[in-house]
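Now for the letters of each chain:
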Amino acid sequence: MTELELLKRIERRLPDSDTGGIVIGLGDDCAAIRTQSGEDLLYTTDLFVEGTHFERESLPARWAGRKALTRGLSDIAAMGGEPRFCLISLALPDWAGSRWVDSFYAGLAELAQQTRTAVVGGDLTKGNQLVCDIVVCGAVPRGQAMRRNGARPGDGIYVSGHLGGAALGRRTQSGAAGRCHTRPEARLRLGKYLRKRGEVTAAMDLSDGLSLDLFRLCEASGVSAVVDRPLPVFHGATIEDALHGGEDYELLFTAHRDSRVRRSFERVPLTRIGTVTSVSPPGVMFFGRNLKPGGWDPFRSNTDKCD
Ligand SMILES: [Mg+2]
């Protein structure tokens, strides 16, 4: 099959969704997007690499396509945005033939349609291993993106959903935890709700594990965190999974001490796990212990996590 034939097959698979503002979509040298006044565009890019982020045996093509987009959508959710469009490039090894590519795009297209994310461009090439690179663009009303840097001492620290399910699912490859691993969901509606409520002082998505992501939020805000309440651990997962497992794609956020954060949103629990403090330098205390950031980091081999 030639690249042109492959591209034609892919184009037929993609939803014909004009999410507004697309002047030129697929098929030209560039996509052209007309921006709307009164909004800020959010851009995020993500690499998804065989052997680093997934194994082909454990992630069917359909779910790989879905997950590649989910990772970007989760960043948009973290800032309270609505997705608009994406561009996706693939390097394909010999084992990923046209059936694999069809399934990959079927999964991607399904989620793109559900979330009203238009696919406006991309590239294809051959490679020794499968590499997927996705750029997702979203939008928020001007100046209203939720950021990581606004946490202040006294704020409550919250997480959505349950943590550790993806890590458990990587091991068991089955059941509800297996679905967390293969088909995580970006918290787009929750992110938008939190942004509109206006009580959130800082937010980010939990892609790399609570221990690492909470540390990042603290660093960005110049504060520390005390986690002294039970974590909402996914049924069957360990505390280690919940702290360091990563890939849960839940939202981590802080809210002013007087905020009335509800207990759940659309049946997703919102759990307070601790409090922001002014301790310097930034760090995370977990039930009296200093918690080292131990989540997913492809550049680190040693993962000793607690003092
Ligand atoms: Mg993120």
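About the thresholds
- Residues numbered from 1 in each chain as written.
- Predicted model: local features only at pLDDT ≥ 70, side-chain atom pairs only at ≥ 80, totals over all residues.
- Heavy atoms only, no water.
- Helix = DSSP H or I, 4+ residues; strand = E, 2+ residues; numbered from the N terminus.
- Rg over C-alpha atoms; globule rule 2.2 N^0.38 Å.
- Buried < 20%, exposed > 50% of the residue type's maximum accessible area, 1.4 Å probe, protein only.
- Contact = heavy atoms within 4.5 Å.
- Areas by Shrake-Rupley, 256 points an atom, 1.4 Å probe, with all protein chains shown as cover.
- Salt bridge = Lys/Arg side-chain N within 4 Å of Asp/Glu carboxyl O.
- Donors = N, O, S within 2.8 Å, 3.2 Å for Na, K, Ca; no water.
- pLDDT = per-residue confidence, 0-100.
- Pairing = 2+ DSSP bridges.
- Axes fitted to C-alpha atoms, helices over the stretch in contact; angles between N-to-C directions.
- Core = buried A, V, L, I, M, F, W, Y, C linked by side-chain atoms within 4.5 Å.

## Let's talk about the overall build of the protein
And then number 1: Counting its regular elements, the protein contains 8 helices and 14 strands.
And then number 2: A globule of 307 residues ought to have a C-alpha radius of gyration of about 19 Å, and the protein, at 20 Å, matches this closely.
And then number 3: Based on the C-alpha atoms only, the size of the protein along its principal axes is roughly 60 × 45 × 35 Å.
And then number 4: Counting over 307 residues, the protein shows a buried share of 51%.
And then number 5: Counted over contacts in the protein with a minimum sequence separation of 6, partners at least 24 positions apart contribute 85%.
And then number 6: A total of about 14700 Å² of accessible surface is found on the protein, and carbon and sulfur atoms cover 47% of it.

## Quick word on the pattern of salt bridges
And then number 1: Throughout the structure, instances matching the rule amount to 17 salt bridges.
And then number 2: Here E247 ties to K67 by a salt bridge, and the two come within 3.3 Å at their closest N and O atoms. Of this pair, E247 sits in the loop between α8 (239-244) and β10 (250-255) while K67 sits in helix α2 (residues 61-78); the two residues are 180 residues apart in sequence, bridging distant segments of the chain. Note on accessibility: E247 and K67 belong to one class, buried.
And then number 3: By sharing partners, the salt bridges in this structure join E39, E82, R84 and K192 into a single network.

## A few points about the coordination of the magnesium ion
And then number 1: On the protein side, the magnesium ion has D75 (OD) and D205 (OD) as donor atoms, found 2.1 Å from it. Here D75, found in helix α2, pairs with D205, found in strand β8 (residues 200-206); they are 130 residues apart in sequence, far enough to count as distant.
And then number 2: Residue classification places D205 among the buried positions, given a relative accessible area of 3%.

## With respect to the confidence of the model for the protein
And then number 1: The predicted model of the protein has a mean per-residue pLDDT of 92, with 96% of residues at 70 or higher.
And then number 2: pLDDT under 50 marks residues 302-307. Its contacts with residues more than four places away, or in other chains, come to 12 contacts.

## Some words on unusual backbone geometry
And then number 1: Residue S280 is joined to P281 through a cis peptide bond whose omega torsion reads 0°.
And then number 2: Within the secondary structure, P281 is located in the loop between β12 (268-277) and β13 (284-286).
And then number 3: One non-glycine residue, R116, adopts positive backbone phi at about 55°.
And then number 4: Mapping R116 onto the fold places it in the loop between α3 (98-114) and β5 (118-126).
And then number 5: A positive phi angle is found at Q173, which is not glycine, with a value near 55°.
And then number 6: Here Q173 lies in the loop between α4 (165-172) and α5 (175-182).

## Brief notes about the sheet that holds strand β6 (residues 131-141)
Think of a sheet as strands paired side by side through backbone hydrogen bonds, with each pair either parallel or antiparallel.
And then number 1: Spatially, 4 strands are ordered β3-β6-β4-β5 in an open sheet, and the strand pairing comes out mixed. The outermost strands of the open sheet, each flanked by one partner alone, are β3 (39-49) and β5. Direction aside, the axes of adjacent strands within the sheet are offset by 15° on average.
And then number 2: In the sheet, β3 pairs with β6 via 11 bridges, with the strands oriented antiparallel. What sits directly across from T45, in β6, is V135.
And then number 3: Helix-sheet contacts for helix α1 (residues 3-13) involve β4 (82-92) and β5, and the interaxial angle to β5 is about 150°.
And then number 4: Where α2 meets the sheet, it contacts β3, β4 and β6, and its direction lies at approximately 140° from that of β3.

## Overview of the nonpolar core
And then number 1: By size, the foremost hydrophobic cluster in this structure holds 36 residues, and its most contacted members are L69, I88, L92, W100, F104, Y105 and L108.
And then number 2: Only α1, β3, α2, β4, α3, β5 and β6 provide two or more residues apiece to this core.
And then number 3: If you tally residues by element for this core, the top one is α3, at 8 residues.
And then number 4: Filtering out sequence-adjacent residues up to four positions away, I88 remains in contact with F104, Y105, L108, V119, G121, G122, D123, C132, D133 and I134.
And then number 5: In terms of nonpolar packing, the next biggest core, distinct from the first, is built from 24 residues, L217, C218, V284 and F286 among them.

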